[in-house]
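Listed below, chain by chain, are the residues.
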Amino acid sequence: MDAPPRDGLLDRLRRVGEEGGLVGLGVCSVEPFDEVRVEMARRIDTGLAGRRRFTYTDPTVATDVSRSFPWARRLVVGSFTYLPAAGNPGPPAAGTGRIARFATVDHYRGLRAALSEVAAHLAAAGYRAEVLADDNRLVDRGAAVRAGVAWWGKSTMALAPKYGPWLLLGSVVTDAELAESEPMARDCGTCVACVTACPTGALNQEGVLDATRCISYWAQTPGSIPLDIRQAWGDRLYGCDDCLDACPPGGRLAETSAASEGRVDLLALLERTDEELMAEYAHFYVPRRDARFLRRNALVALGHRGTAEAVPVLTQYLASGPAILRGHAAWALGRVGGADASGALRRALAEEADPAVVDELEAARREVERP
Ligand code: B12
Ligand code: SF4
Ligand code: SF4
């Protein structure tokens, strides 16, 4: 569509977005995000991106929306907060694990619904419009910063006044040549609270995340979780909010989010079937939709929060199932400790044939039997 947008269209889009629940809306050009692409390539080359996934599968596509939508002229970027709705998991409690607040339920649904309203309004005005949220074809934070919806924090999160980092981001790609918004003239100043709060040292003061050290990354990445990351894991089941919880601009909103949400009984979870787990956590990103990776996370959390009550279930996991779960169950038993754990580890050592699991069992037995 070639005709310039009629007066007031942007105001109407803002109203539609706000009614749908967006807390911020801005417009930016579709010029390629060259700086982000260069930074992504650097992170891939230096290993900081971890395994190539999502936007990292093809940074050229993710940073140039015109490759996927040749007709695109603008991005209408929206932000959506999931607090206070996502509540607060509260303090750690024996036998329980914690879900990061962005995932207590599928909060992206609210974001997508609001963006769809904006897209429908553009379509009714005669323009093309497609919703992109958490999609491999766009770097959402780059778009949000350019459209003045947020600034880049040292946690790498896109932050906004009042909401801090507690925002999900998405865009409507359109051919409507709407007026572009001014970027937000803010930065983190001297604050480094997120860098200090990160339990694994995954962040630096230049706003770079080493994904291979990030708990949120490992919670959704296949394979064995490195030992030093397991040590720092705490009671997490999925996601990590430490760098968000530490962030002063979002502090007040987090304080108002008091309802108890996001705490899970780990033993009950480990006793459910794969089908039940994948249905209950359909909105989690679980590699290959393979429930064993969620069980693996629960085993690590039990290693931190399990009591003697957890030993029988952990022992079952030692004796059957995939090697990755036998190994993580051994590690958890090593942390829970006690005579029953020691006996279970010794019996498993007599039977186990997989060398990697044998190593885990040996290390756990040494831990339990340390004088
Ligand atoms: C891949 C990914 C991850 C990976 C990160 C892997 C990696 N190697 O980067 C993992 C699994 C770790 C992850 C974790 C989380 N994620 Co994520 N993730 C994404 C995804 C799919 C792509 C991100 C991407 O491509 N980044 C590209 C890199 C290069 O950008 P960057 O890391 O932001 O780095 C830039 C800044 O550092 C910046 N920069 C530029 N100028 C300046 C200036 C200053 C002063 C500073 C300090 C920095 C700076 O330079 C870099 C490039 O320019 C997006 C969705 C999407 N399609 O965009 C969601 C997304 C980024 N994730 C999101 C969320 C909610 C999370 C978690 C909070 C979930 C949780 N609670 O566990 C954590 C937060 C961890 C953290 N501190 O970032 C939200 C973030 C919303 C927001 N307000 O920023 C997004 C946008 C999803 C969405 N649509 O809402 N995520
Ligand atoms: S999500 Fe957790 S582990 Fe990852 S950078 Fe933030 S605080 Fe560190
Ligand atoms: S904690 Fe401080 S440095 Fe980190 S993102 Fe928030 S304001 Fe910026």
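Values in this document were obtained by computation on a predicted structure and should not be read as measured data.

## Observations regarding the nonpolar core
Ranked by size, the top nonpolar core spans 123 residues in total, and within it Leu75 and Leu122 carry the most contacts. Both of domain 1 (9-87 + 100-174) and domain 2 (272-371) provide at least three residues apiece to this core. Apart from residues lying up to four places away in sequence, Leu75 is in contact with Gly26, Val27, Cys28, Ser29, Val30, Phe33, Val65, Leu138, Ala143, Ser171, Val172 and Val173.

## Section: the site of ligand 2
The immediate surroundings of ligand 2 are formed by Cys198, Pro199, Thr200, Leu203, Leu209, Cys214, Ile215, Cys240, Asp242 and Cys243. Of the residues that constitute the shell around ligand 2, the class distribution is eight nonpolar, one polar and one charged.

## Quick look at the domain arrangement of the protein
For the protein, the assigned domains read domain 1 (9-87 + 100-174) and domain 2 (272-371). Relative placement of domain 1 and domain 2: their C-alpha centres are 38 Å apart.

## Side note on the sheet that holds strand 4 (residues 129-132)
Spatial strand order, 1-2-7-4: four strands in an open sheet with antiparallel pairing. Two strands close off the open sheet at either side, each with one partner strand: strand 1 (22-29) and strand 4. Between one strand and the next, the sheet's axes are offset by a mean angle of 20 degrees, whatever the strand orientation. Alignment of strand 1 against strand 2 (residues 74-81), held across seven bridges, turns out to be antiparallel. Counted as the bridge partner of Leu22 is Phe80 from strand 2.

## A few points about the pattern of salt bridges
Applying the stated criterion to the full structure yields 22 salt bridges. The salt bridge involving Asp245 is made with Arg101; its shortest N-O contact spans 2.5 Å. Of this pair, Asp245 sits in helix 9 (residues 242-245) while Arg101 sits in the loop between strand 3 (96-99) and helix 4 (108-124), and the two are 144 residues apart along the sequence. The exposure class of Arg101 is buried, given its relative accessible area of 5%. Where Glu360 meets Arg230, a salt bridge forms, and the shortest distance between an N and an O atom there is 2.8 Å. Residue Glu360 is found in helix 17 (residues 355-368), and its partner Arg230 is found in helix 8 (residues 227-232); the two are separated by 130 residues along the sequence. Here Glu360 falls in the buried class, since its relative accessible area comes to 16%. Of the residues examined, Arg230 reaches a relative accessible area of 1% and is grouped as buried. Through salt bridges with shared partners, a single network forms among Arg346, Glu362, Arg365 and Glu369.

## Considering the packing of aromatic side chains
Considering all chains together, one arrives at seven aromatic pairs under this definition. Relative to Tyr285, the ring of Phe54 lies with its centre 5.0 Å away and its plane at 70 degrees, an arrangement referred to as edge-to-face. On the criterion of sequence distance, the pair formed by Phe54 in the loop between helix 2 (34-46) and helix 3 (59-62) and Tyr285 in the loop between helix 12 (274-280) and helix 13 (292-305) is long-range, its members being 231 residues apart. Classification of Phe54 as partly exposed rests on a relative accessible area of 34%. For Tyr285, a relative accessible area of 36% puts it in the partly exposed group. Put simply, the rings of Phe102, Tyr238, Tyr281 and Phe284 touch in pairs and so form one group of aromatic residues. The lysine or arginine in question, Arg146, covers the ring of Phe33, its NZ or CZ lying 3.9 Å from the ring centre.

## Examining the sheet that holds strand 9 (residues 263-265)
Within a beta sheet, neighbouring strands are joined by backbone hydrogen bonds and run either parallel or antiparallel to one another. Pairing in this open sheet of three strands is mixed, and the strands run 8-3-9 from one edge to the other. In this open sheet, the two edge strands, each paired with only one partner strand, are strand 8 (236-238) and strand 9. The sheet shows a mean angle of 40 degrees between the axes of neighbouring strands, direction not considered. Summarising the sheet, strand 3 and strand 9 pair through three bridges and their orientation is antiparallel. Residue pairing for strand 9: Thr96 is matched across the bridge by Asp265. Sheet strands in contact with helix 13 are strand 3 and strand 8, and its direction is about 165 degrees off that of strand 8.

## Some words on the environment of Leu253
Looking at the secondary structure, you find Leu253 in helix 10 (residues 251-256). Residue classification places Leu253 among the buried positions, given a relative accessible area of 13%. A C-alpha to C-alpha distance of 17 Å links Leu253 and Thr104, two positions 149 residues apart in sequence. Not counting residues up to four positions away in its chain, the partners in contact with Leu253 are Thr81, Leu83, Pro84, Lys162, Tyr163 and Trp166.

## Things to note about the site of ligand 1
Of all residues adjacent to ligand 1, which total 41 residues, the nearest are Thr55, Ala158, Leu169, Gly207 and Ser216. Cys240 places a main-chain nitrogen or oxygen 2.9 Å from an oxygen atom of ligand 1. Those elements giving two or more residues to the shell around ligand 1 turn out to be helix 2, helix 5 (140-146), strand 7 (167-174), helix 7 (215-219) and helix 9. A per-element tally of the shell around ligand 1 places helix 2 first, with four residues. Tallied by class, the residues present in the shell around ligand 1 amount to 24 nonpolar, eight polar and nine charged.

## Observations regarding the side chain of Thr174
Within the fold, Thr174 resides in strand 7. For Thr174, a relative accessible area of 0% translates into the label buried. Within polar-contact distance, the side chain of Thr174 engages the backbone nitrogen of Ala176 at 3.0 Å. Among all residues touching Thr174, those that are not within four sequence positions of it are Trp71, Ala72, Arg73, Arg74, Val76, Leu122, Tyr127, Arg128 and Ala129.

The rules behind each value
Residues numbered from 1 in each chain as written. Chains lettered and ligands numbered in written order. Predicted model: local features only at pLDDT ≥ 70, side-chain atom pairs only at ≥ 80, totals over all residues. Heavy atoms only, no water. Core = buried A, V, L, I, M, F, W, Y, C linked by side-chain atoms within 4.5 Å. Buried < 20%, exposed > 50% of the residue type's maximum accessible area, 1.4 Å probe, protein only. Domains from an automatic or database assignment. Contact = heavy atoms within 4.5 Å. Near = heavy atom within 4 Å. Nonpolar A, V, L, I, M, F, W, Y, C, P; charged D, E, K, R; others polar. Pairing = 2+ DSSP bridges. Helix = DSSP H or I, 4+ residues; strand = E, 2+ residues; numbered from the N terminus. Axes fitted to C-alpha atoms, helices over the stretch in contact; angles between N-to-C directions. Salt bridge = Lys/Arg side-chain N within 4 Å of Asp/Glu carboxyl O. Phe/Tyr/Trp six-rings, centres within 6.5 Å; stacked < 30°, edge-to-face > 60°. Lys NZ or Arg CZ within 6 Å of the ring centre and 35° of its normal. Polar contact = N/O pair within 3.5 Å; in protein donor to acceptor, adjacent residues only side chain to side chain.

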